[in-house]
Amino acid sequence: MKWTLNRQQLKTIAIVSMVIDHTAWGFVDFYSPLGQFLHVLGRFTIPIMCFFIAEGYRKTSNLKRYIYRMTSFAIIAGLPFYFFFHEEYGYRQNIIFDLLLGLLVLTTLESRLKKWQKALLVSLLFAISIAIGGWPVTPILFILSFYYGKTFRQKATWFIVTDIITVLTLMVGITLNGKYHFAPYDWVWWDKTYLLGFMLALFLLARYDGTKGKEYGGRYFFYLFYPCHFVVLTGIRLILNGQITVYGIYIGIHVAALALVMLFLLRTLVSRPSRGQGAVITMLLSAMIYVFGFLLEIISDTVPEYHMAVIVEYFGEMILMVGLSLFVKLLCHVYMPSFVYAFETVAGILVMYALITTEKNHFFYREISADNSGPVSILRLSYGPGFYLAISYIGMICMLAIIACIFLIRTGNKMDRKRGVYTICGMLLIWSPYFLKITGLTGGYEIPGVGISLAAIVFYLILVRYAFLDSVTLASENALDHGKEGIIVYTPDYRVEYFNKKMESIFGKIPNRIDVKNKVLLGDIVTGRIEHYKIKGRIYDFERQELRDKDVLQGYMLWVLDSTEHFETLEKMREIAIKDPLTKLYNRVFFQNLVEEQLEAGCRGAFCMFDMDNFKQVNDNYGHQAGDAVLNAFADLLKEYGEQKLIGCRIGGDEFAAFMPEEANKKQVGELLEHIMGQFQNKLSDLKLEGLCSISAGAVLCATKGQKEVQFKNLYSKADSILYEAKKAGKNCYVIHSF
């Protein structure tokens, strides 16, 4: 089976290749065998990026936004790229800038500008690329190769030619530079042969299946990763060179954590007002106060300063407990009596009082001191009873919050379960640095900012991705979950994103992100092979709706509609239209259509007419209810044979007709008529009306060789006349003729 790669997988390969290449530039000798090997591995990135620029131009729904996004991130990546590569590249720009130029060239060529205008703009963009591009001209040519090539073979051919010409041009330029020294580079002639490694990416691109793949990190992950990895690599290089101290990193981590919490606080403040907003603001504000207090702690150098920093930290923690309770109350829809908040307020005041007065009564801390033996001053605390009481109180609140979230996970809908899981993860991450300190992995240092930062990211997912702050979204989800229709939302590659309770009650548990196309029954439904289906005694219709954002297909919403009553009503209406209301046999109009269909299909059996002898005596002597019972008894008798053998019809009154689809001779038809007459007397006996009436029948065989065209009206007329022959012959008998 041929293995394939989706867009997400190819981009991931590009990221790994890029990190390998840049790590080699920063820390490995270029001319060493290891350096050459790593740089060849790093050649996968640019072809993959260029390929998706061409694909992006072809598929984007908003070209202006695409160009704006590329421009923004080219600018954002400028400084990180410069700090890492300034010795190698000088004033030249990063690869996103090169890709932006390629996108602009493609946009110009595909525009409605005049030819001379296109030539002028393209020449200008090529000149900019040659002057300040990190990879002069080459990425532009790669993008054009991938866009204008009609087949992958043609794309690959143009790409290979471009790559080889680029390397040969550089080799000639390097050789001439060695003689005339027109550029400030001391390269050897084979210096750029590693660029032939670009062609290795073609083997991966040939496996591209055109699908998006499962996203991670959001739509801007790949754009943000580019400048961020330069920041990390530059930091590592500065550390190895002794230009950054552990103390500087320690402070930097917590400054970044403080900035991150402030960012999320701002994001919450400007969001749409909702019932969860106050709780989230309280939590983020308390986290910000806590991290600020810890920053004060790690930059302090006297005991009074340490004491003040700890007071700020605990003040933030006490507010956090109130915010956490309010948050969980709203998230889990649990009743929270007012005395809980009163208790938390009183407990917080007592903790703060014990902490403020601890230098006098030594109740919270027996002693506060500092250890200045290492590169970073570490606060040393001797704990008192107040500390353990405070920790027990904080632990109790957190444990109750976790229990509430577990209850939500067990009883809530799909979105509730996700929010509950993320909330538990967020709370555990807040306190995870303290568990790490106990293990000794942090070398005795406290790093609460790391836990706060990770928790902020997790709570961001709750707030934004799962719309905890958005009351409109919550109301919509609640309405969908309690609606009568089943709803399932899935991506263009048939991965499930959402389904409501009704859907779960119909089809059972549907795992998140499952490929629903391969699931039994659901696969046929989502692909349109089944339009309605009977499940658990109910009949469901299926309606698929495309979900588009500015003409870009985002996925599908499948509505599962309970149409049982609709189908039952249709069936009743159909029965009224085609059947006799008393006997439930076919009426004459529909019976005629059925017989004509049978005749057109080549069926040549027999057409029979029946009339009840002396039926008027039943009505006169026993009433019309008894007469109706006799008519129904005969109708039931005809139904017992089944439509494969006999199709029955009530012509009107006490007159009936039937058609035998199977070809039969006179003897076989006679035996059938005799059996019907005998069984009718048994039915009358059951009704205690035996002997009151009988059946006369006339039948016409329509299977004679060489016969004329057989039509219903001819059969009906012939059988009717034969029936009256039987009546004249003394009743309670039958007569059979050929057509």
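Details of the structure are given in the entry above.
Now for a quick tour of the structure. Computed from a prediction, not measured in an experiment: that's the story for all the values here.

1. Re the sheet that holds strand E8 (residues 606–613)
Spatially, E9-E10-E8-E11-E12 is the arrangement adopted by the five strands of the open sheet, whose pairing is mixed. Among the strands making up the open sheet, the edge pair consists of strand E9 (647–652) and strand E12 (734–738). For this sheet, the mean inter-axis angle between neighbouring strands, taken without regard to orientation, is 20°. For E8 and strand E10 (residues 655–660), the ladder comprises six bridges, and the chain directions are antiparallel. What sits directly across from Phe610, in E10, is Phe656. Of the strands in this sheet, E8, E9, E10 and strand E11 (694–701) are in contact with helix H26 (residues 624–639), which crosses E8 at around 160°.

2. Thoughts on empty space enclosed by the protein
In the structure shown here, the tally under the stated rule is four cavities of 30 Å³ or more. In this structure, the largest cavity spans a volume of roughly 170 Å³. Looking at the largest cavity, it is lined by 18 residues, and the ones nearest its centre are Asp21, His22, Ile46, Ile95 and Trp135. Contributions of two or more residues to the lining of the largest cavity are made by helix H1 (7–27), helix H3 (45–59) and helix H5 (78–89). With four residues, H1 is the largest single contributor of residues to the lining of the largest cavity. Classifying every residue of the lining of the largest cavity gives 10 nonpolar, six polar and two charged. Of the pockets and cavities examined, the second largest cavity occupies roughly 140 Å³.

3. Structural notes on unusual backbone geometry
Negative phi values dominate among residues other than glycine, just as trans dominates among peptide bonds. A positive phi angle is found at Val137, which is not glycine, with a value near 65°. Structurally, Val137 can be placed in the loop between helix H7 (115–132) and helix H8 (138–148). Positive phi is not limited to glycine here, since Lys688 has a value of about 60°. Take Lys688: it is sitting in the loop between helix H27 (666–686) and E11.

Criteria and thresholds
Residues numbered from 1 in each chain as written. Predicted model: local features only at pLDDT ≥ 70, side-chain atom pairs only at ≥ 80, totals over all residues. Heavy atoms only, no water. Pairing = 2+ DSSP bridges. Helix = DSSP H or I, 4+ residues; strand = E, 2+ residues; numbered from the N terminus. Axes fitted to C-alpha atoms, helices over the stretch in contact; angles between N-to-C directions. Contact = heavy atoms within 4.5 Å. 1 Å grid on protein atoms, 1.4 Å probe; cavity = no way out; pocket = protein on both sides within 12 Å on 5 of 7 lines; lining within 4 Å. Points joined across faces, edges and corners; volume = space filled by probe spheres on them. Nonpolar A, V, L, I, M, F, W, Y, C, P; charged D, E, K, R; others polar.

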